[in-house]
Amino acid sequence: MFAAQRVLGIDPGLTRCGYAVLDSTGPSSAKAVSLGVLRTPPTDALPQRLAALQAEIVALLREFRPQVVAVEQVFFQVNVRTAMSVGQASGLALAEAAAFGCQVVQYTPNQVKNSVAGWGGADKAQVQKMVQVRLGLSVAPRPADAADAAALALCHMSSAPLHRHLETLAKAVGG
């Protein structure tokens, strides 16, 4: 049985935070509702940037009312400063989605690339192209942050039936 679902994908970042709202339209198809990037000026102080990003995430949740929010799991990065800002943006997204009552899921970059492009080592251009194809878009989504957010939502839509099956099994065995 197919359950329609609206998924908000978030590719966290403080300067550029990609987002994509997708509706599942069948067991293996999705429709883009909205794609874009939330931006904060690097010249602003950190607390103001975080507050602005938080307000934008809340606005997305209110406008689009997703059932699920898929956020890229913060992964090791060589640049500590970048990792910290991504972690802060990710934390905002996770907390606001949970407060809004959404199911919140996280996927690693390799899980997303494997799900969308068929290979965990796919580059940004390959992910953009596959997002374009899978969503039936006339051009690849730009910037890459928006495509990455769409890929996160597509990854969840691909794995959601398995998640539901595992939840049913867990309930059946009392776990």
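Refer to the structure printed above.
Residues numbered from 1 in each chain as written. Predicted model: local features only at pLDDT ≥ 70, side-chain atom pairs only at ≥ 80, totals over all residues. Heavy atoms only, no water.

1. Quick word on the side chain of Ser24
Piece 1. Locating Ser24 in the fold gives a position in strand E2 (residues 16-26).
Piece 2. Here the side chain of Ser24 touches Gln5 through a polar contact of 2.7 Å, landing on its backbone nitrogen. (Helix = DSSP H or I, 4+ residues; strand = E, 2+ residues; numbered from the N terminus. Polar contact = N/O pair within 3.5 Å; in protein donor to acceptor, adjacent residues only side chain to side chain.)

2. Digging into the sheet that holds strand E1 (residues 6-11)
Each strand in a sheet pairs with another by means of backbone hydrogen bonds, the pair being arranged parallel or else antiparallel.
Piece 1. One open sheet holds the five strands; their spatial order is E3-E2-E1-E4-E5, and the pairing between them is mixed. Each edge of the open sheet carries a strand with a single partner, namely strand E3 (29-39) and strand E5 (103-107). Pairwise comparison of adjacent strand axes, ignoring direction, gives a mean angle of 20 degrees for this sheet.
Piece 2. Sheet topology places strand E4 (residues 68-72) next to E5; five bridges connect them, and they run parallel. From the neighbouring strand, Ala70 faces E5, where its bridge partner is Val105. (Pairing = 2+ DSSP bridges. Axes fitted to C-alpha atoms, helices over the stretch in contact; angles between N-to-C directions.)

3. A few points about the packing of helix H3 (residues 109-117) against helix H4 (residues 124-135)
Piece 1. In the contact formed by H3 and H4, the axes pass within 9 Å of each other and the chain directions differ by 50 degrees. As far as their axial angle goes, H4 and H3 are oblique. Classified by chirality, the crossing of H4 by H3 is left-handed. The residues of H4 that touch H3, namely those facing Lys113, Ser115, Val116 and Ala117, are Val127, Met130, Val131 and Arg134.
Piece 2. By residue class, the composition of the contact of H3 with H4 is five nonpolar, one polar and two charged. (Parallel < 35°, antiparallel > 145°, perpendicular 65-115°, else oblique. Left-handed = near helix turned anticlockwise from the far one by under 90°. Contact = heavy atoms within 4.5 Å. Nonpolar A, V, L, I, M, F, W, Y, C, P; charged D, E, K, R; others polar.)

4. Side note on the nonpolar core
Piece 1. Counting 22 residues, the largest nonpolar core has Tyr107, Val112, Val131, Leu135 and Leu154 as its most contacted members.
Piece 2. Only E2, E4, E5, H3, H4 and helix H5 (144-172) provide two or more residues apiece to this core.
Piece 3. Per-element accounting of this core gives the leading share, eight residues, to H5.
Piece 4. Dropping the residues within four chain positions of it, Leu135 is found in contact with Leu22, Ala30, Lys31, Ala32, Ala150 and Leu154.
Piece 5. Within the second largest apolar cluster, 20 residues are counted, among which are Leu14, Leu38, Leu50 and Leu60. (Core = buried A, V, L, I, M, F, W, Y, C linked by side-chain atoms within 4.5 Å. Buried < 20%, exposed > 50% of the residue type's maximum accessible area, 1.4 Å probe, protein only.)

Read these as geometric descriptors, not functional statements.
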